[in-house]
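Spelled out from the first residue to the last, the chains are:
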Amino acid sequence: MRFDVITLFPELFAPFQSVGVTRRAFESKAVDLHLWQLRDFADDTYRRVDDRAYGGGPGMVMLVEPLVKALAAIRSDQAAAGGERLPVILFSPVGRPLTQTRVQALAASPGAVLLCGRYEGIDQRFVDAHVDEEISLGDYVLSGGELPALTLIDAVARLQPGVLNDAASHQQDSFSDGLLDCPHYSRPEVLALPEGDVAVPPVLLSGHHAHIARWRREQQLAITARRRPDLIDMARLQGALSKEDERFLKSLLL
Ligand code: 9D3
């Protein structure tokens, strides 16, 4: 798949191309990343990509013209590569929140053009004419769309075949069954701390696979009920909770 990123800060994307899961995705060509510096499409001598907002107020607005030129360059590059016309995703505080369901759909798609906003926002006429979808990361204020774009690329890259070491870990991911993950433990069996020894929960050393699975499930239910009761409601609506799960939830003192 292919991502074309329109940004004023392409250098922010370089580190992800040289480390970890994202590096493997790029090296294996599972994800083909094309970075486009918006300033290269500003024609005036000052290479301006922003201006003041009509109607006044603080903050600058990203100009339509450089965006249209950048998108035209991307479209002709995509066509030359024999690819299809990819949808344009704008990262914006007024977008719909990103979900794992959306990540999974994108991971199975040919890709997208990712537009990273800066300043107060981009001219609405460009959004209306060229943007297919607006995505937000959540209800907090960032300084631009680059980290959201990197977040999406990372989430999609790790779903590409052969990119994760362990294919089975997809299935066990937090959210793939709608519940938060259980805690994990590794060596040493007993950790010596100044406050005293801390042992691994004994069930995990029992070798009893059914007991371990039940313990992990109950840990998931307990942590989800405490921290994300909305996800319990969702799992219930989706029929993902067994009678045993419901019995356990009722036994919890929340
Ligand atoms: C007072 C209006 N502000 C909106 C909350 C203006 C504003 C703040 C920050 C406009 C743009 C930005 C830059 N943020 C993004 O481009 C952004 C973002 C975010 O701030 N939060 C969560 N997801 C995203 S996706 C892109």
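Residues numbered from 1 in each chain as written. Predicted model: local features only at pLDDT ≥ 70, side-chain atom pairs only at ≥ 80, totals over all residues. Heavy atoms only, no water.

### Brief notes about the overall build of the protein chain
Phase 1 of the analysis: Within the protein chain, the regular secondary structure consists of 10 helices and 10 strands.
Phase 2 of the analysis: Relative to the compact-globule value of 18 Å for 254 residues, the protein chain shows a C-alpha radius of gyration of 23 Å, a clear excess of over 25%.
Phase 3 of the analysis: Looking at the protein chain as a whole, 36% of its 254 residues are labelled buried.
Phase 4 of the analysis: Here the contacts in the protein chain between residues at least 6 apart in sequence split such that 72% fall between residues at least 24 apart.
Phase 5 of the analysis: About 15300 Å² of surface is accessible on the protein chain, with carbon and sulfur atoms providing 55% of the total. (Helix = DSSP H or I, 4+ residues; strand = E, 2+ residues; numbered from the N terminus. Rg over C-alpha atoms; globule rule 2.2 N^0.38 Å. Buried < 20%, exposed > 50% of the residue type's maximum accessible area, 1.4 Å probe, protein only. Contact = heavy atoms within 4.5 Å. Areas by Shrake-Rupley, 256 points an atom, 1.4 Å probe, with all protein chains shown as cover.)

### Section: the site of the ligand
Phase 1 of the analysis: Taken together, 17 residues lie near the ligand, and Glu120, Leu137, Gly138, Tyr140 and Leu142 sit nearest.
Phase 2 of the analysis: Between a nitrogen atom of the ligand and a main-chain N or O atom of Leu137, the distance comes to 2.9 Å.
Phase 3 of the analysis: Leu142 places a polar main-chain atom, nitrogen or oxygen, 2.8 Å from an oxygen atom of the ligand.
Phase 4 of the analysis: Protein chains shield 73% of the accessible area of the ligand, which is 570 Å² for the free molecule.
Phase 5 of the analysis: For the shell around the ligand, the secondary-structure elements that each account for two or more residues are β5 (88-97) and β8 (133-136).
Phase 6 of the analysis: By residue number, the principal contributor to the shell around the ligand is β5, which donates 3 residues.
Phase 7 of the analysis: Within the shell around the ligand, the residues separate by chemical class into 9 nonpolar, 7 polar and 1 charged. (Near = heavy atom within 4 Å. Polar contact = N/O pair within 3.5 Å; in protein donor to acceptor, adjacent residues only side chain to side chain. Nonpolar A, V, L, I, M, F, W, Y, C, P; charged D, E, K, R; others polar.)

### A look at unusual backbone geometry
Phase 1 of the analysis: Each neighbour pair has its own omega, and for Arg187 with Pro188 the value is 0 degrees, a cis peptide bond.
Phase 2 of the analysis: In this structure, Pro188 sits in the loop between α7 (168-172) and β9 (190-193).
Phase 3 of the analysis: Phi angles above zero are rare outside glycine, and Lys29 is one such case at about 65 degrees.
Phase 4 of the analysis: Mapped onto the fold, Lys29 is located in the loop between α2 (20-27) and β2 (32-37).

### Digging into the nonpolar core
Phase 1 of the analysis: Counting residues in each nonpolar core, the largest one holds 26 residues, and the members touching the most others are Phe3, Phe13, Ile89, Leu114, Leu152, Ile153 and Val156.
Phase 2 of the analysis: The greatest single-element share of this core, amounting to 7 residues, is contributed by helix α6 (residues 146-157).
Phase 3 of the analysis: For Ile153, the residues in contact, after removing those within four places along its chain, are Phe3, Val5, Phe13, Phe26, Leu33 and Leu114.
Phase 4 of the analysis: One finds Ala70, Phe126, Val127 and Val131 within the second-largest nonpolar core, a separate group that totals 20 residues. (Core = buried A, V, L, I, M, F, W, Y, C linked by side-chain atoms within 4.5 Å.)

### Digging into the sheet that holds strand β4 (residues 60-62)
Strand pairing in a sheet takes place through backbone hydrogen bonds and is either antiparallel or parallel in direction.
Phase 1 of the analysis: Within the open sheet, the 3 strands sit side by side as β3-β4-β7. Their pairing is mixed. Two strands lie at the open edges of the sheet, namely β3 (50-52) and β7 (121-122), each paired on one side alone. (Pairing = 2+ DSSP bridges.)

### Considering helix α10 (residues 243-251)
Phase 1 of the analysis: Residues of α10 that are buried include every one of Asp245, Phe248 and Leu249, and no others. With its buried residues spanning 100 degrees around the axis, α10 presents them on a single face. Opposite its buried face, α10 presents the exposed residues Lys243, Arg247 and Lys250, each directed more than 90 degrees away.
Phase 2 of the analysis: On its buried face, α10 is in contact with α8 (209-227) and α9 (229-237). (Arc of directions from axis to C-beta.)

### Quick look at the confidence of the model for the protein chain
Phase 1 of the analysis: Summarising the model, the protein chain shows a mean pLDDT of 95, and 96% of its residues fall at 70 or more.
Phase 2 of the analysis: Per-element averaging of pLDDT across the protein chain places α7 at the bottom with 57 and strand β6 (residues 111-116) at the top with 99. (pLDDT = per-residue confidence, 0-100.)

### Here we look at a nonpolar patch on the surface
Phase 1 of the analysis: Residues Tyr140, Leu142 and Leu147 make up a contiguous nonpolar surface patch of roughly 320 Å² in combined accessible area.
Phase 2 of the analysis: Its location among the elements puts Tyr140 in the loop between β8 and α6. (Patch = residues over 30% accessible without salt bridge, like charges linked within 9 Å, V, L, I, M, F, W, Y side chains within 5 Å. Salt bridge = Lys/Arg side-chain N within 4 Å of Asp/Glu carboxyl O.)

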